[in-house]
Amino acid sequence: IPIPHVMAKSAAWRSLSGGAAKLYIELHSRFNGFNNGDLSVSYSEAAKLLSLGKSTVKRAFDELTEKGFVVRTSEGHWYGRKAATWRLTAKVARIPKYVVESNGWKDWVPAKK
């Protein structure tokens with residue numbers, strides 16, 4: 001998965017935990033050029049694929065969202081076993097309501113200590 005130079009050098013990318021970086025790469029691997037905004041991986045599936053705990057996967061999704069790498073486009077449902085769907089902010093979404101790329105990670109700044 002190619003990580004653009006500008007992203008790799010960003011404060012947001014460099015501050016990602018290992019679990020969040022692995023999850024971003026997994027989501028990106030599901031992107032086919034036309035399905036941005038409709039990417040999904042359940043907590044259970046991500047935990048198994050990435051050798052992480054489900055709570056670590058949840059924290060990774062939260063971190064990716066907070067730092068502007070992904071945006072949730074629909075909620076998951078326990079009944080019907082449907083995982084939430086996501087949009088990568090660094091990629092253009094071809095789904096009409098998500099036509100723009102937002103690159104939210106460019107604007108992220110670490111909290112002052």
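Everything discussed here concerns the structure shown above.
A brief report on the enclosed structure follows.

About the thresholds
Sequence order as written defines residue numbering, which begins from 1 separately in each chain. In keeping with the predicted nature of the model, local features appear solely for residues at pLDDT of at least 70, side-chain atom pairs appear and are counted solely at 80 or more, and the whole-chain, interface and lining totals rest on all residues. As a rule here, side-chain values cover all heavy atoms of the structure and leave hydrogens and water aside. Helix and strand definitions here come from DSSP, where helices need a minimum of 4 consecutive H or I residues and strands a minimum of 2 consecutive E residues; each element is numbered from the N-terminal end. Relative accessibility decides the category of a residue: with a 1.4 Å probe and only protein chains considered, values under 20% of the type maximum give buried, values over 50% give exposed, and everything between is partly exposed. N or O atoms closer than or at 3.5 Å make up a polar contact, with two conditions inside protein: a donor-capable atom paired with an acceptor-capable one, and, for residues adjacent in sequence, both atoms drawn from side chains. Take a side-chain nitrogen of Lys or Arg and a carboxyl oxygen of Asp or Glu: if they are within 4 Å of each other, that pair is a salt bridge. Within this scheme, the nonpolar core is defined by two criteria: the residues are buried Ala, Val, Leu, Ile, Met, Phe, Trp, Tyr or Cys, and they are joined through side-chain atoms within 4.5 Å. Residue contacts are defined here by distance: any two heavy atoms, one from each residue, within 4.5 Å place the two residues in contact.

Digging into the environment of Thr73
For Thr73, the position within the fold is in strand S1 (residues 70–74). For Thr73, a relative accessible area of 18% corresponds to the buried category. In this structure, the C-alpha to C-alpha distance between Thr73 and Arg87, residues 14 residues apart in sequence, is 6.5 Å. Within polar-contact distance, the side chain of Thr73 engages the backbone oxygen of Gly37 at 2.6 Å.

Examining the pattern of salt bridges
Within the structure shown, the criterion is met by 5 salt bridges. Between Arg30 and Glu26 there is a salt bridge, with the nearest N and O atoms lying 2.9 Å from each other. With a closest N to O distance of 3.3 Å, Glu75 and Arg72 form a salt bridge. The network of salt bridges with shared partners includes Glu26, Arg30 and Glu45.

Here we look at the nonpolar core
With 28 residues, the main nonpolar core has Leu23, Tyr24, Leu27, Leu64, Phe69 and Val70 as its most contacted residues. Contributing elements (two or more residues each) for this core: helix H2 (11–14), helix H3 (18–29), helix H4 (43–50), helix H5 (54–66) and strand S2 (85–88). Ranked by residues supplied to this core, first place goes to H3 with 5 residues. Not counting residues up to four positions away in its chain, the partners in contact with Phe69 are Met7, Ala12, Trp13, Leu16, Tyr24, Leu64, Arg87, Leu88, Thr89 and Trp105.

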